[in-house]
Amino acid sequence: GTAHLCQGWCSSSGGADAAGRKQACGRVSSRKDFVARRAVLLTWWCGEQGHAGSLKCKQMEFGSRIEATRAGAERKRLALEFKAGQEEGSEETIEAEQKQMMRAVCTSSHGKSDLFRSLCKNHVELR
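So, a few notes on the structure that sits alongside this text. (Residues numbered from 1 in each chain as written. Predicted model: local features only at pLDDT ≥ 70, side-chain atom pairs only at ≥ 80, totals over all residues. Heavy atoms only, no water.)

Describing the packing of aromatic side chains
Under the criterion given, the structure shown has two aromatic pairs. Considering the side-chain rings of Trp 44 and Trp 45, the 6.2 Å spacing of their centres and the 35° angle between planes classify their relative orientation as tilted. Exposure remark for Trp 44: the relative accessible area of 9% places this residue in the buried category. Measuring from centroid to centroid gives 4.3 Å for Phe 62 and Phe 82, while their planes differ by 10°, and the two rings are stacked. One end of the pair, Phe 62, is in helix α3 (residues 55–67); the other, Phe 82, is in helix α4 (residues 72–84), with 20 residues separating them in the sequence. By relative accessible area, which is 19% here, Phe 82 ends up buried. (Phe/Tyr/Trp six-rings, centres within 6.5 Å; stacked < 30°, edge-to-face > 60°. Buried < 20%, exposed > 50% of the residue type's maximum accessible area, 1.4 Å probe, protein only. Helix = DSSP H or I, 4+ residues; strand = E, 2+ residues; numbered from the N terminus.)

Overview of the state of the cysteines
In this structure the tally under the stated criterion is two disulfides. What pairs with Cys 106 in a disulfide is Cys 120, and their sulfur atoms sit 2.0 Å apart. Judged by the sign of its S-S torsion, about -90°, the bond between Cys 106 and Cys 120 is left-handed. A residue pair is termed long-range when its members are at least 10 positions apart, and Cys 106 in helix α5 (residues 90–107) and Cys 120 in helix α6 (residues 114–122) qualify at 14 residues. Across this residue pair, the class does not change: Cys 106 and Cys 120 are buried. (Disulfide = S-S within 2.5 Å.)

Remarks on the side chain of Thr 69
Along the chain, Thr 69 turns up in the loop between α3 and α4. Residue Thr 69 is classed as buried on the basis of its relative accessible area, which comes to 12%. A distance of 2.6 Å separates the side chain of Thr 69 from the backbone oxygen of Arg 65, its partner in a polar contact. The contacts of Thr 69, once residues within four sequence positions are left out, are Glu 74, Arg 75 and Leu 78. (Polar contact = N/O pair within 3.5 Å; in protein donor to acceptor, adjacent residues only side chain to side chain. Contact = heavy atoms within 4.5 Å.)

What to know about helix α2 (residues 18–48)
Taking 1.5 Å per residue, 31 residues should reach 45 Å; α2 reaches 43 Å between its end C-alpha atoms and fits that length. At Leu 41, α2 is bent by approximately 30°, the largest bend along its length. All buried positions along α2 are accounted for by Arg 21, Ala 24, Cys 25, Arg 37, Arg 38, Leu 41, Leu 42, Trp 44, Trp 45 and Cys 46. One or two steps after α2, the chain reaches Gly 50, where phi turns positive at roughly 75°. (Expected span 1.5 Å × (residues − 1). Bend = angle between axes of the 7 residues up to and from the residue.)

Here's the deal with the pattern of salt bridges
Per the counting criterion, the structure on display carries six salt bridges. Between Arg 65 and Glu 81 there is a salt bridge, and its shortest N-O distance comes to 3.7 Å. Taken together, the positions of Arg 65 in helix α3 and Glu 81 in helix α4 put the pair 16 residues apart, joining distant regions of the chain. On the basis of relative accessibility, which here comes to 43%, the residue Arg 65 falls in the partly exposed class. For Glu 81, a relative accessible area of 42% puts it in the partly exposed group. Between Arg 77 and Glu 74 there is a salt bridge; the shortest N-O distance is 2.8 Å. With Arg 77 and Glu 74 both in helix α4, this residue pair falls three residues apart, about one helical turn. Among the residues examined, Arg 77 registers a relative accessible area of 38% and is labelled partly exposed. Residue Glu 74 is classed as partly exposed on the basis of its relative accessible area, which comes to 31%. (Salt bridge = Lys/Arg side-chain N within 4 Å of Asp/Glu carboxyl O.)

Following this line, the structure appears as structure tokens:
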């Protein structure tokens, strides 16, 4: 599939497009890590830690649903549905929960995993 082609292209070196390839492959890699981290956080924070139904968990669930949806009309419907469910001041609430969640995940065993290690190192202000 496409992922396999990209992997081959990303692992080749040299050529006129080396700098562009490095940048594009870096974006693909960090997107993949982001999606993997979100899956862990949905299971761990929203499930195991009992935060299901919180604004942050709803936001991450929405992101997962959008990611899994290819049809433009369906994505638009999901986005409108999500926006309609947002309350006034929910950005601040989500931001506060995001910090709380990252603080918690970084001090958990997940914080030492390859997926979270560098991110947790950058969240020094959260400790």
